[in-house]
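Structural characterization, general
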Amino acid sequence: MIEIFKLVALFIPGFLTSFLTTPFFIKRLTKRKHTARDMYKRGNPQKPTMGGIVILSGVLASLIFAQLLLPEVLNLLIFYFVIFLFAFFGLVDDLLSIKSNLVKVIFPFFLSLPISLLNFDTTLSLIFTEINLGVWYSLLIAPLYVTVVANLINMHSSYNGLSVGLSLILLCTIGVRSYLTYGYESLFYLLPILSSTLAFFFFNKYPSRIFEGNSGTYMLGAAIGGLLILLNMEIFGIIILIPHIVNFLMYVYLKIRKRKIIKFGKTDREGYLIVPHPMSLKWTLPYYFKMTEKQAIVAMYLLTLLFCLLGLTLM
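1. Let's talk about the layout of surface pockets
One water molecule sets the probe size; rolling that probe over the atoms shows where empty space is left. Roughly 1,600 Å³ of volume is contained in the largest pocket. Taken together, the elements giving at least two residues each to the lining of the largest pocket come down to strand E1 (35–37), helix H3 (73–96), helix H4 (103–112), helix H5 (135–155), helix H8 (213–230), helix H10 (242–256) and helix H11 (281–288). Top element by residues in the lining of the largest pocket is H5. It accounts for seven residues. The residue inventory of the lining of the largest pocket, partitioned by class, reads 21 nonpolar, 17 polar and eleven charged.

What follows is the structure, encoded as structure tokens:
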């Protein structure tokens, strides 16, 4: 009963802080012209971006309460230090528009290194066996895993609420698997980011009033990757992230074929999507079938949910 009270007490501050401050951030970011065009709406209206700051504020509120509730709060703070670093990197990307893909891999890798302080188990759990990688796991595999996941989450976006909604599905799935495997205590690492993201999603879902920006996608990606490493769920993570991986492979295909990378499509007068090619997962169905943005978003939610259920079933 005490554990449930702690979980609730950890969830509420993050949720309320994020939910109550989002309208303020919407106004301030709009006033300061930190906005981006909503590319699939008529007239491409400007909407505030960098909403990752909102999620971050909720996480901070939860962590303040965590210091009063949890005896092993130090590990929690180390874990979220990595997430804060990714949020900062994403914020820099929002402000400066980093173009180099190499930079987006190298810098996040070094930002992920503090996760090694939490790698008490350096065993890589495969389906039929386990491999103990020792220091190589802590200093190479773990930070590289977090870096890859953060970039996968960042790349699979651009519809209203797509990245945040998919991240919520992934976080909830990790929470279910974590609880079934380790019990209540493992959920303490999940709740700060989950509660804050859930509150933010009310404003970010279709039709979005605020975008999460790179600060949000990199932070959520780091949280998902970090949780999978921390809970020794690397293979499980690969299964639930298959749609994101397929989306990345489509990007690689375009690069190999030296095709121009186009970030956005457009809509016709009736509101149906017009996309340039099917080699981006969010565009695959709209390329072959008439779909609105909302329908395409729901399709992506269902696809990720399918693989999350598959992961829970197989693992």
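2. Remarks on helix H7 (residues 187–204)
When the terminal C-alpha atoms of H7 are compared, their 24 Å separation across 18 residues agrees well with the 26 Å that a helix rising 1.5 Å per residue should span. The buried fraction of H7 is high, at 16 of 18 residues.

3. Digging into the environment of Trp136
Looking at the element boundaries, Trp136 is found in helix H5. Sequence separation between Trp136 and Leu273 is 137 residues, and the spatial gap between their C-alpha atoms is 46 Å.

4. Comments concerning a nonpolar patch on the surface
A grouping of Ile4, Val8, Ile12, Leu16, Phe19, Leu20, Val176, Tyr179, Leu180, Tyr184, Leu198 and Phe202 is seen on the molecular surface, where their side chains present a nonpolar patch of about 1,100 Å² in accessible area. Those elements that provide at least two residues to the nonpolar patch are helix H1 (2–31), helix H6 (162–182) and H7. Counting residues per element, the nonpolar patch draws most heavily on H1, at six residues. In this structure, Tyr179 sits in helix H6.

5. Considering the environment of Leu29
For Leu29, the location among the structural elements is in helix H1. In this structure Leu29 comes out as buried when scored by relative accessible area, which is 8%. Between the C-alpha atoms of Leu29 and Met50, which are 21 residues apart in sequence, the distance is 8.1 Å. Not counting the four nearest positions on each side in its chain, Leu29 is found in contact with His34, Thr35, Pro48, Thr49, Met50 and Ile210.

6. Some words on the packing of H5 against H8
Contact geometry of H5 with H8 gives a least axis separation of 7 Å together with a crossing angle of 140°. By the angle between their directions, the pair H5 and H8 is classed as oblique. The chirality of how H5 crosses H8 is right-handed. Residues Tyr137, Ala142, Tyr145, Val146, Val149, Ala150, Asn151, Ile153 and Asn154 of H5 form the contact with H8, whose own contacting residues are Asn214, Thr217, Tyr218, Gly221, Ala222, Ile224, Gly225, Gly226, Leu228 and Ile229. Considered class by class, the residues forming the contact of H5 with H8 number twelve nonpolar, seven polar and no charged.

7. Structural notes on unusual backbone geometry
The omega torsion across Tyr206 and Pro207 is -10°, close enough to zero to call that bond cis. By the element assignment, Pro207 lies in the loop between H7 and H8. Positive phi, close to 65°, is recorded for Met50, a residue that is not glycine. Counting through the fold element by element, Met50 comes out in the loop between strand E2 (46–48) and helix H2 (52–69). Positive phi outside glycine occurs at Ser158, with the angle close to 100°. Of note, Ser158 is situated in the loop between H5 and H6.

8. Let's talk about the packing of aromatic side chains
Across all of its chains, the model carries 14 aromatic pairs by this definition. Measuring from ring centre to ring centre gives 5.8 Å for Phe11 and Phe15, while their planes differ by 15°; the resulting arrangement is stacked. Linking Phe11 with Phe15, this pair stays in helix H1, spanning four residues, or about one helical turn. Across the ring face of Trp283, the terminal group of Lys282 is positioned such that the distance to the ring centre comes to 5.3 Å. A cation over an aromatic ring shows up here: Lys290 above the ring of Tyr272, its NZ or CZ 4.4 Å from the ring centre.

9. A few points about H11
All of the buried residues along H11 are Leu281, Lys282, Trp283 and Pro286. Against the buried residues of H11 lie H5, H6, H10, strand E6 (273–274) and helix H12 (293–314).

10. Structural notes on the pattern of salt bridges
Using the criterion set out here, one finds five salt bridges in the structure. Of the charged contacts, one joins Asp38 and Lys41 as a salt bridge, the two residues approaching to 3.4 Å between their closest N and O atoms. We classify Asp38 as buried; its relative accessible area is 2%. The exposure class of Lys41 is buried, given its relative accessible area of 15%. Asp93 serves as the salt-bridge partner of Lys104, at 3.6 Å between the closest nitrogen and oxygen. Of the two residues, Lys104 sits in helix H4 while Asp93 sits in helix H3, which places them eleven residues apart along the sequence. When sorted by exposure, Lys104 lands in the same class as Asp93, which is buried.

11. Describing the side chain of Asn154
Structurally, Asn154 can be placed in helix H5. The contact partners of Asn154, leaving out residues within four places of it in the chain, are Asn214, Thr217 and Tyr218.

Thresholds applied
- Residues numbered from 1 in each chain as written.
- Predicted model: local features only at pLDDT ≥ 70, side-chain atom pairs only at ≥ 80, totals over all residues.
- Heavy atoms only, no water.
- 1 Å grid on protein atoms, 1.4 Å probe; cavity = no way out; pocket = protein on both sides within 12 Å on 5 of 7 lines; lining within 4 Å.
- Points joined across faces, edges and corners; volume = space filled by probe spheres on them.
- Helix = DSSP H or I, 4+ residues; strand = E, 2+ residues; numbered from the N terminus.
- Nonpolar A, V, L, I, M, F, W, Y, C, P; charged D, E, K, R; others polar.
- Expected span 1.5 Å × (residues − 1).
- Buried < 20%, exposed > 50% of the residue type's maximum accessible area, 1.4 Å probe, protein only.
- Patch = residues over 30% accessible without salt bridge, like charges linked within 9 Å, V, L, I, M, F, W, Y side chains within 5 Å.
- Areas by Shrake-Rupley, 256 points an atom, 1.4 Å probe, with all protein chains shown as cover.
- Salt bridge = Lys/Arg side-chain N within 4 Å of Asp/Glu carboxyl O.
- Contact = heavy atoms within 4.5 Å.
- Axes fitted to C-alpha atoms, helices over the stretch in contact; angles between N-to-C directions.
- Parallel < 35°, antiparallel > 145°, perpendicular 65-115°, else oblique.
- Left-handed = near helix turned anticlockwise from the far one by under 90°.
- Phe/Tyr/Trp six-rings, centres within 6.5 Å; stacked < 30°, edge-to-face > 60°.
- Lys NZ or Arg CZ within 6 Å of the ring centre and 35° of its normal.

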